[in-house]
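# Residue-level structural notes
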Amino acid sequence: MLKVLIANRGEIARRIIRTCKSEKVATVAVYSDADKNMPFVREADEAVHIGPPPVPHSYLNVDAIIDAAKRTGADAIHPGYGLLSENEGFARRVQEEGIIFIGPAPEVIGQMGDKLTARRIMQQAGVPVVPGSENSLDTVDDAASVAADIGYPVMLKASAGGGGIGMQICQDEASLRQAYQSLRGRAKAYFGNDSMFVEKYVERPHHIEVQIAGDQYGNVLHLLERECSIQRRHQKVLEESPSPFLDEKTRELLCQSAVLAGKAVGYTGVGTVEFIVDENKNFYFLEMNTRLQVEHPVTEEMTGLDLVSMQLAIANGLPIAIDQGEVKALRHAIELRVYAEDPVTFLPSPGTITLYQPPVMEHVRIDDGVESNTQVTPFYDPMIAKVIITGTTREEAIERAIHAIQNFQITGIKTNIPFLLEVLSDERFREGNYTTWFVQERAANPKK
Amino acid sequence: MKQVAANMAGTVINVLVQVGDEISAGQDVVVLESMKMEVPVQAEVAGKVVEVKANIGDFVNEGDILVSVE
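Labelled according to an unreviewed UniProt entry, chain B appears under the name Acetyl-CoA carboxylase biotin carboxyl carrier protein subunit, originating from Brevibacillus nitrificans.

In structure tokens form, the structure reads like this:
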């Protein structure tokens, strides 16, 4: 692999460029009109304009991206996260064009992208799944019948959904009946697939995921877990590892289940197996993300590994260079996601950043995509930076995180920095036993 | 006269009311889209719509008036 085209933007494009540079691999950025002045465009060795700002015309424009790869002679494409990263058709097209797709086989992306298929494969492999429907529920009566069997509350989900989109909690049959048609309609519109299913809704759940890596020789390792329960609108805001909720025995079982999941599909590349863990530490497969994850730096800072480097090596056909026994939690790591949004309502806040000054401190890593005078446009995701902090202990990491985020200056747009500070200072967070209900419960009872 | 203002900066993707409509407090009047998120804007008070300033495709800033109600 000599030249990698990055079919993405912002902080993740910069992150990938960084490892490519250190491994003497050339990089090609692609960009929309809205991004022409962004740091990632400058930092790549070459940059190709692919279209106007809306993503269907630029970052989801497969023909323009393939054309850019051919014109620049890129022999591999890294899809980053989001956008085309979990698009089976794109991965297949890249391979058909004789270009290396940095990720798993297209079939695996397809299997894991369809939540019902993924559930079936995991069940067969002996990975626990949330009790729920085996097949697509084509009528509201089918859905109501399965829900009655498993018991309310249930989660009604689109099989093609993910990332917090296409799902709804239903407390009773009336709310299920009300939600069914509209959710199905939205699934058709967003994903072009309106298969629906229901799962038992786990109350006060923990969202814990396991990083895995697999090579072309059948080796699958886990790189330990990440605790991702601090979420708003089903999207993560803070991740940390090791999870303060898990004991050693549960951790080992969880990580082994993730390896089993990876082996069941012959996974190649880095990927993440997401689990729901209930209050009694029972865990269930939720979904598999067949790509590099936003929060991958938590694992990197905890273990000392470079996940992008592993991706490049695996895509080059090399075996994974480490053994399971060498994967160790060397430090506690926390990632804070800085979003351009209102810190109270969490509504997007696009605009021009007038001053941008991230903290420069020991044990603090900044992965960002903007600078002073960057215009944060309404076209893309609101995440503008990630702050990754490490410590010998969780307490030390939290103290450093507070210090770091207090020294992060961003003016001109609203950001969630005040909210991140409140989370880090919250007793319930500091105790370490928090669930995905944390943000809601805190809003209802902020005095702690 | 009461006004319904944009709760965030974004693009108007749907206008749900017309001049002359009687609306109730809490009713969705406009849908905005920004950063991959669709957000409905609700009327805070009931009344009759006397002016609709928002057009589909417009970019509005937080606080911009979308609809006037009497």
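Turning our eyes to something else, we now look at the sheet that holds strand β14 (residues 332–339) of chain A. Residue and element names in this part refer to chain A. The eight strands are arranged β13-β12-β9-β10-β11-β14-β19-β17 in an open sheet whose pairing can be described as antiparallel. Looking at strand neighbours, the two that pair on one side only are β13 (283–289) and β17 (364–368), the edges of this open sheet. Going from strand to strand, the sheet's axes swing by 25° on average, the running direction of each strand aside. Of the pairings in the sheet, the one linking β17 to strand β19 (residues 383–391) comprises five bridges and is antiparallel in character. The partner of D368 across the bridge, within β19, is A385. Strands in contact with helix α12 (residues 394–406) are β11 (235–241), β14, β17 and β19; relative to β19, the strand with the most contacts, it is inclined by about 140°. Against the sheet, helix α13 (residues 417–425) touches β10 (220–232), β11 and β14, its axis set at about 150° to β14.

Residues and elements named next belong to chain A. When cut into domains, chain A gives domain 1 (3–102), domain 2 (131–200) and domain 3 (206–444). Between the C-alpha centres of domain 1 and domain 3 the distance comes to 23 Å. Taken residue by residue, the interface counts 32 residues in domain 1 and 28 residues in domain 3. Carbon and sulfur atoms make up 56% of the surface buried where domain 1 meets domain 3, a total of about 2200 Å² over both sides.

Let us now look at the pattern of salt bridges. Should the charged atoms of two oppositely charged side chains come close, the side chains can pair. Residues and elements named next belong to chain A. A full pass over the atoms with the stated rule returns 48 salt bridges over all chains. Between D35 and R9 there is a salt bridge, with the nearest N and O atoms lying 2.7 Å from each other. Remark: R9 occurs in the loop between β1 (3–6) and α1 (10–22) and D35 occurs in the loop between β2 (26–32) and α2 (39–43); sequence separation between them is 26 residues. R9 carries the same exposure label as D35, and that label is buried.

Moving on to helix α6 (residues 115–125) of chain A. Residues and elements named next belong to chain A. Turning to α6, its buried residues number three or more, namely K115, L116, A118, R119, I121 and M122. Where α6 is buried, its residues meet α5 (106–113), β6 (154–162), β8 (196–200), α9 (248–264) and β13. Taken from the residues just after α6, G126 is the one with a positive phi, measuring 85°.

This part is about the environment of I16 of chain A. All names here are of chain A. The residue I16 is located in helix α1 in this model. Along the sequence, I16 and T27 sit 11 residues apart, while their C-alpha atoms lie 8.8 Å from each other. Residues in contact with I16, not counting those within four places in the same chain, are I6, H78, G80 and V308.

What counts and what doesn't
- Residues numbered from 1 in each chain as written.
- Chains lettered and ligands numbered in written order.
- Predicted model: local features only at pLDDT ≥ 70, side-chain atom pairs only at ≥ 80, totals over all residues.
- Heavy atoms only, no water.
- Pairing = 2+ DSSP bridges.
- Helix = DSSP H or I, 4+ residues; strand = E, 2+ residues; numbered from the N terminus.
- Axes fitted to C-alpha atoms, helices over the stretch in contact; angles between N-to-C directions.
- Contact = heavy atoms within 4.5 Å.
- Domains from an automatic or database assignment.
- Buried area = accessible area lost by both parts, 1.4 Å probe.
- Salt bridge = Lys/Arg side-chain N within 4 Å of Asp/Glu carboxyl O.
- Buried < 20%, exposed > 50% of the residue type's maximum accessible area, 1.4 Å probe, protein only.

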